[in-house]
Amino acid sequence: MIGSLDSKIPSGPLAEKWTNHKDHSRLVAPNNRRKFEIIVVGSGLAGGSTAATLGELGYNVKCFCYQDSPRRAHSIAAQGGINAAKNYQNDGDSVFRLFYDTIKGGDFRSREANVYRLAEVSNLIIDQCVEQGVPFAREYGGLLANRSFGGAQVSRTFYARGQTGQQLLLGAYQALCRQIDAGTVEMFPQTEMLDLVLIDGHAKGIITRNLVTGKIEAHSGDAVVLATGGYGNVFYLSTNARGCNVTATYRAYKKGALFANPCYTQIHPTCIPVTGQNQSKLTLMSESLRNDGRVWVPKKPGDTRAPNQIPEAERDYYLERKYPSFGNLAPRDISSRSAKEVCDEGRGVGESGRGVYLDFADAIARLGANTICERYGNLFDIYEKITGENAYERPMRIYPAVHYTMGGLWVDYNLMSNVPGLHVIGEANFSDHGANRLGASALMQGLADGYFVLPYTLPGYLAGQIGKRPATDRPEFRQALDEVDARTKKLLSINGKRSVDSFHRELGLLLWDKCGMARNAAGLREALARIPQLREEFWRDVRVPGDGEEFNQSLERAGRVADFLEFGELMCIDALTRDESCGGHFREEHQTPDGEALRDDENFADVFAWEYQGNGSAAAPKLHREPLVFETVQLTQRSYK
Amino acid sequence: MKFKLKVWRQKDPKTKGKLVTYEASDVSPNTSFLEMLDAVNERLVLGGEEPIAFDSDCREGICGTCSLTINGEAHGPDHPGAACELYMRRFKDGATIVVEPFRAKPFPLIKDLVVDRRALDRIVQAGGFVAARAGSAPEANSTPIPKQNADRAMEAAACIGCGACAAACPNASAMLFTAAKVSHLAFLPQGQPERTRRVLKMVTAMDGEGFGNCTNTYECEAVCPAKISASLIAKLNREYAVASLRQEAGD
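Read on for an overview of the structure. (Residues numbered from 1 in each chain as written. Chains lettered and ligands numbered in written order. Predicted model: local features only at pLDDT ≥ 70, side-chain atom pairs only at ≥ 80, totals over all residues.)

### Comments concerning the overall build of chain B
Link 1 in the chain: Helices and strands together make up the secondary structure of chain B, namely 8 helices and 7 strands.
Link 2 in the chain: With the C-alpha coordinates of chain B rotated into their principal frame, the extents come out at 65 × 40 × 35 Å.
Link 3 in the chain: Within chain B, the proportion of its 251 residues that are buried is 55%.
Link 4 in the chain: Long-range pairs, those at least 24 residues apart, make up 70% of the contacts in chain B between residues at least 6 apart in sequence. (Helix = DSSP H or I, 4+ residues; strand = E, 2+ residues; numbered from the N terminus. Buried ≥ 20, exposed ≤ 12 C-beta atoms within 10 Å, placed from the backbone. Contact = placed C-beta atoms within 7 Å.)

### Brief notes about the overall build of chain A
Link 1 in the chain: Helices and strands together make up the secondary structure of chain A, namely 17 helices and 19 strands.
Link 2 in the chain: For a compact globule of 641 residues, the expected C-alpha radius of gyration is about 26 Å, and chain A comes in at 24 Å, within 12% of that figure.
Link 3 in the chain: The dimensions of chain A, computed from C-alpha atoms along their principal axes, are 75 × 60 × 50 Å.
Link 4 in the chain: Out of the 641 residues in chain A, the part that is buried amounts to 60%.
Link 5 in the chain: Taking as baseline every contact in chain A between residues at least 6 positions apart, the subset at least 24 positions apart corresponds to 74%. (Rg over C-alpha atoms; globule rule 2.2 N^0.38 Å.)

### Notes on the interface of chain B and chain A
Link 1 in the chain: Each partner contributes to the interface: chain B provides 63 residues, whereas chain A provides 63 residues.
Link 2 in the chain: Listed by contribution, the elements that provide at least two residues to the side of chain B that touches chain A are helix 1 (33-46), strand 6 (109-111), helix 2 (118-125), helix 3 (147-157) and helix 5 (175-186) of chain B.
Link 3 in the chain: When residues of the side of chain B that touches chain A are assigned to their parent elements, the largest contribution, 7 residues, is made by helix 1 of chain B.
Link 4 in the chain: When the residues that make up the side of chain B that touches chain A are grouped by side-chain class, the tally is 32 nonpolar, 15 polar and 16 charged. (Nonpolar A, V, L, I, M, F, W, Y, C, P; charged D, E, K, R; others polar.)

### Quick look at the sheet that holds strand 1 (residues 3-9) of chain B
Residues and elements named next belong to chain B.
Link 1 in the chain: Reading across the sheet, the 5 strands line up as 2-1-5-3-4 and stay open at both edges, with mixed pairing between neighbours. The two strands at the open ends of the sheet, each matched to only one other strand, are strand 2 (18-24) and strand 4 (73-74).
Link 2 in the chain: Bridge count between strand 3 (residues 68-70) and strand 4: 2 bridges; the pairing is antiparallel. Across the sheet, isoleucine 70 pairs through a bridge with glutamate 73, a residue of strand 4. (Pairing = 2+ DSSP bridges.)

Written out as structure tokens, the structure reads:
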């Protein structure tokens, strides 16, 4: 059905591709823009910024989010910062270097052209955000401050205390509010997308459920933009917000959009370790802490002494030992795996033995507690709230946790999926981070897509679509409405014996165990055997109280978990098929003698894009491969030593 | 640990609500308050009862979704912090805990502990922004901003928009919320061109939503999870007074 994947990467030298592409893309004239209605699903950094920008340009925008306010999208929780190639520190940074670090950080599994464009527009983002009033950290002279982040040897990260995501999102939210006030954007909070509607193969509408009234409705548009974030909550425990879900992108996948690289998930090295059975989420401690904190475990397995009782000589600062040139700032995938290794050796700390120390004693001795408080005070406060421990006096305990997903719906250079009209931006697409995302790059990508890429590429699609927006009384809408309605009724009628959360937890544990920080073929096959059973049990035995025409949080969750139960299988299929290690995808069968990820560029330097063929193993998804062409960078074994 | 919970249950805005008593047992002190409610809900669902509806999302104190009044205090006893950052070790074993929604007239109840706080969005929509069209911004370092101004702006901008200030205020005033946004933008050079118009429109919207006035009870500051200072309300009043005079003078 789908032929070879055309990434539509412009020809010409890497550094000129984006400029040339913009120069020759089709435009929509100002007087025609108001004839279009664009549906934007999601209001985080990507969705909020693009809805605002499209509104500014004069399009009519309908923006949907499941939260009660667009300001609550999960971008708000990003702590550390946003990268840009401003070179304000005069330390040798450049667009090329940011591009190179990002593509290398992604273990050479992303597209050169996309990543270069990302680095290129990064500087515009900082300008834009400052103009909106984002209160970035500054030096006494009044100029913008920077800090370092993992995987880079320059200082290029802009930040607003430990709340950079919040401040950038509020900037986008305020721009969005301005457009709501101006009447160009209509906002639909507490409204969840439950299906995509195709008319003659083009994405022309969505089906939504109003989460307050339960009303299921159809919306038509000239194009649909998904900015619905990642699928990290498939693992149940992650640093994502409770409501984050895969439903919008997964339902689009079921309507024919290709899902790319679903096995690429990022396990963040510095999170507060799990305690107890009831835990509902994991909390991140920003990677920026690794600028001043030193990671260590006892040299001796089973050492239960308090950290201050363990002398220097009996500590293993394993990141500094293994990666002397990057030290504690080694990239996320590598740091996470190293933490797992030392814990597997029985050298982990804390009650569960799944934890390592992040120690600020040296930094406090060098800089004073005040400076550390100024840099990270809010993070130390969060840590104390959750654990009851004071990290100024006792090292933090940290452990890796699911944090971000690099995979997502397949898109071409224009950020359009293989379904015409369906555009996917931010974490929801797959395109910029390869197999591992570097710190402070997610905010950059979300805002790049939203402010400076999609507004230029969307007209290329719209220009041929004037007057083609369908009415919502077409049979395609009717059918989608009926399907959503039937599914809702089915969930409510099972009336079984298990709660939605119990299924979610079981799926999460299974995936964390078999498709988490390390994977192998046998484990993935076990997961693939178990998931369909679990899914079957869900549809036979789940209990969803209440009814559909009301505010019903159990029903919301049930729908999301039902999609995770299908999506988890796709993730494992992808992980099993990608028979190499790269970035966050660590197949135990493929490692170098010293335990690093061993890529197989000959066979796997490509994107895996999966086409839906029907539920579960009865009809395995069909694999399409997009070869990654590297014209500028040389593929090397990633080394941070 | 073991607790007796008295939870506000109300099926919908039209039905009369009441406090219903539940037991929470086998609770670890390291469980968060919301996770304790999750466990109560799990038991309710399996026993064939409707779970307690309550709002939460990020569960790390930044999204502003959670909105519980616990033992009469917005976000509970562990200030500063949102309800999702409250841990059971803060309570005495065997304690009785009363859980109610945020109560303020402009926050109509949706169900149980969930209220509608869109009035706060409408205040921001009235003018809480800088008109900076994407693509039009000058080079970021072309306008140096003294560190202390940037820091003050950041302190005001830290508001998470939860609405605890209005819920805690005997007058259901949203002045702390409004003051935080007005001040954040007034502290920065980028916020100057719309400074007059912004404060006038935001205050008008705030009044229009039915939020009350400030009578200096400082309840807002006491419960604010983002440590927004009530001194910003004085700044808001000043900004508003100056803007009104300017408007009258046709400036």
